[in-house]
Amino acid sequence: MTQARRPEFFDRDGVLDTPEGRTAMIILLMFPVLERLPSERRGRRIARLLSEIFVTDIDDCLREMGVGDMSVPKKVKRAAQALGERCGGYRSAANAPEPVAALAAELAETVPGLAENPQAARALARYTLETRTGILTAPAESLLAGRIVLPDPAAGLVLAAQE
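(A) Representation of the packing of helix α2 (residues 19–36) against helix α4 (residues 72–94) in the model. Interaxial distance between α2 and α4 falls to 9 Å at its minimum, and their mutual angle equals 65°. Here the hand of the crossing between α2 and α4 comes out right-handed. For the pair α2 and α4, contact is made by Ala-24, Ile-27, Leu-28, Met-30, Phe-31, Leu-34 and Glu-35 and by Ala-82, Leu-83, Arg-86, Cys-87, Tyr-90, Arg-91 and Ala-94, respectively. Here the contact of α2 with α4 is built from residues that sort into 11 nonpolar, no polar and three charged.

See below:
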């Protein structure tokens with residue numbers, strides 16, 4: 001969650017710094033982890049627990065923001081659905097013949113602020129694909145122990161934007 005709140009994503013690259021934008025970034029960074037975990041022994045259980053933590057965090061955040069008790073369950077349900085739908089869309093895009101273009105298009109649709117900034121969407125797509133490659137090739141024991149190394153968004157997005 002800390003990585004998803006890095007200022008580079010918001011200040012420089014146009015992801016809206018709103019609850020929706022922050023949630024979109026959390027989902028985006030959870031995607032490669034949730035994609036990899038089921039392939040490991042004990043990974044399905046950990047993926048489920050990670051998803052449950054996400055839902056609980058959304059519930060807590062909504063209540064802290066003062067969202068009415070009657071609407072919280074509906075909003076939490078929508079966030080949980082978004083997690084599954086977006087991970088599926090990101091997976092399809094990442095496996096497309098031109099993954100950067102496909103993922104950039106998907107991000108422009110799902111990450112607030114990126115529809116107006118196609119260059120930032122492409123940079124974030126490259127960053128996400130780099131993150132995905134690192135997680136997919138990381139040692140299973142590190143991943144299952146929660147030791148996940150993510151690329152520095154400042155370096156990754158700057159380099160990608162300069163291409």
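Alright, that's what it looks like, and here's the rest.
(B) Representation of α4. Taking 1.5 Å per residue as the helical rise, α4 with its 23 residues ought to reach 33 Å, and the 32 Å between its terminal C-alpha atoms agrees with that figure. By the burial criterion, the buried members of α4 are Val-72, Val-76, Ala-79, Ala-82, Leu-83, Cys-87, Gly-89, Tyr-90, Ala-93 and Ala-94. As for α4, its buried residues are in contact with α2, α3 (43–64), α5 (99–110) and α6 (118–137).

(C) Seen up close, the environment of Arg-5. Looking at where Arg-5 falls in the secondary structure, it is placed in the segment before α1 (7–12). When the C-alpha positions of Arg-5 and Ile-26 are compared, they lie 8.0 Å apart, and in sequence the two are 21 residues distant. If sequence neighbours within four positions are ignored, Arg-5 has contacts with Phe-10, Arg-22, Ile-26 and Asp-57.

(D) Highlighting the pattern of salt bridges. Throughout the structure, instances matching the rule amount to seven salt bridges. We note a salt bridge from Glu-35 to Arg-91, for which the minimum N-O separation is 4.0 Å. Of this pair, Glu-35 sits in helix α2 while Arg-91 sits in helix α4, and the two are 56 residues apart along the sequence. Look at Glu-35 and you get buried, because its relative accessible area is 17%. Exposure remark for Arg-91: the relative accessible area of 34% places this residue in the partly exposed category.

(E) A look at the confidence of the model for the chain. Within the chain, residue pLDDT values average 86, and 94% of them lie at 70 or more. Put simply, helix α8 (residues 153–162) is where the chain has its lowest mean pLDDT, 52, and α5 is where it has its highest, 97. For the stretch residues 158–163, pLDDT sits under 50, and the model shows seven contacts to residues farther than four places along the chain or on other chains.

(F) Region of interest: the nonpolar core. Ranked by size, the top nonpolar core spans 43 residues in total, and within it Met-25, Phe-54, Tyr-90, Leu-107, Val-111, Leu-114 and Leu-124 carry the most contacts. Elements with a minimum of two residues in this core: α1, α2, α3, α4, α5, α6 and α7 (140–144). Top element by residues in this core is α2. It accounts for 10 residues. What Phe-54 contacts, discounting residues up to four positions off in sequence, is Thr-23, Ile-26, Ile-27, Met-30, Ala-79 and Leu-83.

(G) Fine view of the packing of aromatic side chains. Scanning the model with the defined rule gives two aromatic pairs in all. When the ring of Phe-31 is compared with that of Tyr-90, the centres are 5.8 Å apart and the planes differ by 70°; the resulting orientation is edge-to-face. Here the residue Phe-31 occupies a position in helix α2, and Tyr-90 occupies one in helix α4, the gap between them amounting to 59 residues. For Phe-31, a relative accessible area of 1% translates into the label buried.

(H) Structural context of α5. With 12 residues, α5 ought to run about 16 Å at 1.5 Å a step, and its terminal C-alpha atoms sit 16 Å apart, in line with that. Looking at α5, one finds that the buried residues are Leu-103, Ala-104, Leu-107 and Thr-110. The arc that holds the buried residues of α5, viewed along the axis, is 135°, so those residues lie on one side. The elements touched by buried residues of α5 are α2, α4 and α6.

Conventions and cut-offs
Residues numbered from 1 in each chain as written. Predicted model: local features only at pLDDT ≥ 70, side-chain atom pairs only at ≥ 80, totals over all residues. Heavy atoms only, no water. Axes fitted to C-alpha atoms, helices over the stretch in contact; angles between N-to-C directions. Helix = DSSP H or I, 4+ residues; strand = E, 2+ residues; numbered from the N terminus. Left-handed = near helix turned anticlockwise from the far one by under 90°. Contact = heavy atoms within 4.5 Å. Nonpolar A, V, L, I, M, F, W, Y, C, P; charged D, E, K, R; others polar. Expected span 1.5 Å × (residues − 1). Buried < 20%, exposed > 50% of the residue type's maximum accessible area, 1.4 Å probe, protein only. Salt bridge = Lys/Arg side-chain N within 4 Å of Asp/Glu carboxyl O. pLDDT = per-residue confidence, 0-100. Core = buried A, V, L, I, M, F, W, Y, C linked by side-chain atoms within 4.5 Å. Phe/Tyr/Trp six-rings, centres within 6.5 Å; stacked < 30°, edge-to-face > 60°. Arc of directions from axis to C-beta.

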